[in-house]
Amino acid sequence: MSTNYLTSDSPTSQVPSSSLNLEQATILIIERARQLVNRLVVQRGHEKPPFLPEEFAPLQGIKKFVKADLGELSAVLLRFHDGYVIKVNEKHQPSRQNFSCAHEIGHALLSELKIELCIEDVEFRTFNPQAPAIARARAKERLCNVAAAELLMPEMVFKKYLSDFGVSINSIEWLANIFRVSIRAAAFRIAEVSAEPCIALLWLSRPGTKSKALHLSRRVGPGKKSRGGANYMPVHALIKRKSTLYKAYQYDNPVKCHKLFRLDAGVKRLPVESKGFGYGETRYVISLAFPTRWSKAKY
Ligand SMILES: [Zn+2]
């Protein structure tokens, strides 16, 4: 979770020029991020990854990056009269620092847009009067993550590399290395931009609990309005120790199996590829599921 100071969150810093819902705002922020990528590509004369925050900085009025001990924070954006300074948590992995800095550049882009988010959450509002403000703050953070993904892994470039490597659990590490992003960021980006519908799932163990199982932590993939056309959710949000998928957590080799996914109208069995990453308490499993892949023997 990143925090930004003195930027778009400051009530005096902006006069909303228009009111947008989250979907419209997402389209707009992606557009702005792409413009920034295009300017960088023109300036350096090629579109070869990685796309690093340091390269975008001079194009977006960012004077410098400072590595500092920020405790729980990932990064902060500070605005001065002559530009921005981004402070980033020196204790985090370089790939995570890249994403945190790109997220803060997202705040700078969002601040420029001067939009007021229109969050429709009437029911929630009844119980908690603060809810609209909280929902707006969360929505802004999500928009900055969307911008960060587009800056570090521009869709058109990422797609080219993805088609070269193939949509597979084995491509995640290659793509993460090439684009200098985390394994998780690369996996979620695959699910977002893959021409073939693909769902990325993140499974975590819960340290300190006695149950030896993996819990579903995040799902990224085709939503109702996107290319996949359906909102697939795993029927079971828990992976028990005896299951095939759990072997991905125990060993380093990728694992292939099937899992049940809930659709609007029923349940479908999808082929799933999974792999474990990290060590000890921070170990996790990423799965990729393929709604349109039909395979009997391979999985
Ligand atoms: Zn933020």
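These numbers were taken from a predicted model, which means no experiment stands behind them.

What counts as what
- Residues numbered from 1 in each chain as written.
- Predicted model: local features only at pLDDT ≥ 70, side-chain atom pairs only at ≥ 80, totals over all residues.
- Heavy atoms only, no water.
- Phe/Tyr/Trp six-rings, centres within 6.5 Å; stacked < 30°, edge-to-face > 60°.
- Helix = DSSP H or I, 4+ residues; strand = E, 2+ residues; numbered from the N terminus.
- Buried < 20%, exposed > 50% of the residue type's maximum accessible area, 1.4 Å probe, protein only.
- Lys NZ or Arg CZ within 6 Å of the ring centre and 35° of its normal.
- Axes fitted to C-alpha atoms, helices over the stretch in contact; angles between N-to-C directions.
- Left-handed = near helix turned anticlockwise from the far one by under 90°.
- Contact = heavy atoms within 4.5 Å.
- Nonpolar A, V, L, I, M, F, W, Y, C, P; charged D, E, K, R; others polar.
- Donors = N, O, S within 2.8 Å, 3.2 Å for Na, K, Ca; no water.
- Tetrahedral: all angles 85-135°; square planar, octahedral: opposite > 155°, others 65-115°.
- pLDDT = per-residue confidence, 0-100.
- Pairing = 2+ DSSP bridges.

Describe the packing of aromatic side chains, with residues and values.
Under the defined criterion, the tally for this structure stands at five aromatic pairs. Taking 5.0 Å as the distance between ring centres and 55° as the angle between the ring planes, the aromatic pair formed by Phe158 and Phe179 counts as tilted. Of this pair, Phe158 sits in helix H6 (residues 155-165) while Phe179 is found in helix H7 (residues 171-179), placing the two residues 21 residues apart along the sequence. Aromatic pair Tyr161 and Phe179: ring centres 5.6 Å apart, planes at 85°, arrangement edge-to-face. In this pair, Tyr161 is assigned in helix H6 and Phe179 in helix H7, connecting sequence segments 18 residues apart. Relative accessible area serves as the criterion here: at 22%, Tyr161 is assigned to the partly exposed category. Of the aromatic side chains, those joined through ring pairs into one cluster are Phe158, Tyr161 and Phe179. Of note, Arg184 hangs over the ring of Tyr284, and the distance from its end group to the ring centre comes to 4.3 Å. Seen from the ring of Phe188, Arg218 lies directly overhead, with NZ or CZ sitting 4.2 Å from the centre.

Help me get a handle on the packing of helix H1 (residues 22-44) against helix H5 (residues 131-152), residues and values and all.
Running from amino to carboxyl end, H1 crosses H5 at an angle of 35°, the nearest separation of the two axes being 9 Å. Judged by the twist between their axes, the crossing of H1 over H5 is right-handed. Between H1 and H5, the contacting residues are Leu22, Ala25, Thr26, Ile29, Ile30, Ala33, Arg34, Leu36 and Val37 on the first element and Ala139, Arg142, Leu143, Val146, Ala147, Glu150 and Leu151 on the second. Looking at the contact of H1 with H5 residue by residue, the class counts come to 12 nonpolar, one polar and three charged.

Any details on the coordination of the zinc ion? Residues and values, ideally.
Distances from the zinc ion to its protein donors, His103 (NE2), His107 (NE2), Glu141 (OE) and Glu141 (OE), fall at 2.1 to 2.8 Å. Given four donor atoms and angles of 50 to 125° at the metal, the environment of the zinc ion is assigned as irregular. The motif formed by the donor residues of the zinc ion, counted along the single chain, is H-x3-H-x33-E. Here the residue His103 occupies a position in helix H3 (residues 94-113), and Glu141 occupies one in helix H5, the gap between them amounting to 38 residues.

Describe the confidence of the model for the protein, and please don't skip the residues or the numbers.
Per-residue confidence for the protein gives a mean pLDDT of 87; residues scoring 70 or more make up 84%. Of all helices and strands in the protein, the one with the weakest mean pLDDT is strand E1 (residues 3-4) (44), whereas H7 scores best (98). Between residues 1-16, whose pLDDT stays under 50, and residues either more than four places distant or in other chains, the model counts 40 contacts.

Requested: an account of the sheet that holds strand E8 (residues 213-220), with residues and values cited.
Ordered in space as E9-E11-E12-E13-E7-E8-E10, the seven strands form an open sheet in which the pairing is antiparallel. Whereas interior strands pair on both sides, the edge strands pair on one side only; in this sheet they are strand E9 (233-234) and strand E10 (238-240). Bridge analysis of strand E11 (residues 255-262) against strand E12 (residues 267-277) gives eight bridges, and the strand direction is antiparallel. Each bridged residue has a counterpart across the sheet, and for Cys257 the counterpart in E12 is Val272. Here helix H8 (residues 183-193) sits on the sheet in contact with strand E7 (199-204), E8, E12 and strand E13 (284-289), set at roughly 150° to E7.

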